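Now for the letters of each chain:
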Amino acid sequence: MRLHTGTGAATTKSWRRYVGSAVLSAIGVMYIACGLLPLTAQAQELNAGMQPAELRDVGIDQRLNEQIPLDLTFRDETGKSVQLRQYFNDKPVVLILAYYECPMLCTMVLNGALRAFRALSFDVGDEFQVITVSFDPRETPELAAKKKKSYMEAYERAGAADGWHFLTGDEPAIKALTQAVGFRYKYDPETEQFAHASGIMILTPQGRLSRYFYGIDYGPRDVRLGLVEASEGKIGSPVDAVLLYCFHYDPKTGKYGAVIMNIVRVAGVSTLVILGTFMIVMFRRERRMKVR
């Protein structure tokens, strides 16, 4: 955040904004760390009395399987006017809502996504697309370009620049997108910053909301399984198919949890296969010994 030099009331106002911004961000991070920032509509209702006023209208409401409006127009990092539909073709899409001059939380969300992407064998641009959209209508393509440059350098994989897009837009388009995905945020005029929840979303190639992952740290296994499910099995390996059988997405937690009975079934089948293979090998060895 920029501080303006000056004297008297102007300087005091700048410092108030700076301190207020830091406090607002710290409150958001504290609530994430304590598990109090809303994860679902039910959690938001339960925690409403525990949250400070700045966070009571903030949260993420899941819109699973709902279609986002692909005709919305934004600007890419070069300033070119683009519609969301051009990023949706045959690949799943990770959507990240983060404004580029956020003093703390948005960077933590982007860094968490970056860590997950770097841990995946899937490549941005090849197996999936990533769209980062600023929800601050004051931000410019120049800011988006700077942010993209820093994350492309950190990701360090060829071709990622064609698959990870950093967009800015006007307020009507931003409102339409955030409402469609259930992302609720609040502008604080005193600090000139936004209070917002943290998380990323995975969408199908057709633009339907498939999975939500909350917080600032996204397990690579969860993200991988979410991408495989959103792609309807078009990416991934046979091992991913087995994992999807053994792990089920829980909308309440935004994570994949073990399905014990399915794991027992897979373990049982695996045991039978191993025993069967062992018996076949032993029978063949015994026959060879008799022939000799």
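Because the structure is predicted, anything quoted here is derived from the model rather than measured.

*Asks:* Any details on the nonpolar core? Residues and values, ideally.
*Replies:* Counting residues in each nonpolar core, the largest one holds 71 residues, and the members touching the most others are Phe 74, Ile 96, Phe 117, Trp 164, Leu 177 and Val 181. Considering every element that reaches this core, the biggest residue donor is helix H3 (residues 105-119), with 8 residues. Residues in contact with Ile 96, not counting those within four places in the same chain, are Val 109, Leu 110, Ala 113, Val 130, Ile 131, Thr 132, Val 133, Trp 164 and Ile 200.

*Asks:* Please give an account of the side chain of Thr 178 that cites residues and values.
*Replies:* Mapped onto the elements of the fold, Thr 178 is located in helix H5 (residues 171-181). If we ignore the near neighbours within four places in the chain, the residues touching Thr 178 are Leu 97, Phe 135, Phe 183 and Tyr 185.

*Asks:* I'd like a description of unusual backbone geometry, backed by residues and values.
*Replies:* One non-glycine residue, Asn 65, adopts positive backbone phi at about 70 degrees. Within the secondary structure, Asn 65 sits in the loop between strand E1 (59-60) and strand E2 (73-75). The class of Asn 65 is exposed, set by a relative accessible area of 52%. Phi is positive for Glu 232, close to 60 degrees, though the residue is something other than glycine. Its location among the elements puts Glu 232 in the loop between helix H6 (220-230) and helix H7 (238-246). What makes Glu 232 exposed here is its relative accessible area of 60%.

*Asks:* Provide a residue-level description of H6, including the pertinent values.
*Replies:* Of all 11 residues in H6, 8 are buried, a share of seventy percent or more. Burial in H6 covers these residues: Asp 222, Val 223, Arg 224, Leu 225, Gly 226, Leu 227, Val 228 and Ala 230. Positive phi shows up at Glu 232, right after H6, with a value of about 60 degrees.

*Asks:* How would you summarise the packing of aromatic side chains if you had to cite specific residues and measurements?
*Replies:* Enumeration over the complete set of coordinates arrives at 18 aromatic pairs. Seen from their ring centres, Tyr 155 and Trp 164 are 6.5 Å apart, and the 80 degrees between their planes marks the pair as edge-to-face. Three or more aromatic residues joined by ring pairs make a cluster, and in this case those are Tyr 100, Phe 117, Phe 128, Tyr 151, Tyr 155, Trp 164 and Phe 166. Across the ring face of Phe 122, the terminal group of Arg 224 is positioned such that the distance to the ring centre comes to 4.1 Å.

*Asks:* With reference to specific residues and values, describe the packing of H6 against H7.
*Replies:* Between H6 and H7, whose axes approach to 10 Å, the crossing angle comes to 100 degrees. The angle between H6 and H7 places the two elements in the roughly perpendicular class. For the pair H6 and H7, contact is made by Arg 224, Leu 225, Val 228 and Glu 229 and by Asp 240, Leu 243 and Leu 244, respectively. Looking at the contact of H6 with H7 residue by residue, the class counts come to 4 nonpolar, no polar and 3 charged.

What counts, and where the lines are drawn
Residues numbered from 1 in each chain as written. Predicted model: local features only at pLDDT ≥ 70, side-chain atom pairs only at ≥ 80, totals over all residues. Heavy atoms only, no water. Core = buried A, V, L, I, M, F, W, Y, C linked by side-chain atoms within 4.5 Å. Buried < 20%, exposed > 50% of the residue type's maximum accessible area, 1.4 Å probe, protein only. Helix = DSSP H or I, 4+ residues; strand = E, 2+ residues; numbered from the N terminus. Contact = heavy atoms within 4.5 Å. Phe/Tyr/Trp six-rings, centres within 6.5 Å; stacked < 30°, edge-to-face > 60°. Lys NZ or Arg CZ within 6 Å of the ring centre and 35° of its normal. Axes fitted to C-alpha atoms, helices over the stretch in contact; angles between N-to-C directions. Parallel < 35°, antiparallel > 145°, perpendicular 65-115°, else oblique. Nonpolar A, V, L, I, M, F, W, Y, C, P; charged D, E, K, R; others polar.

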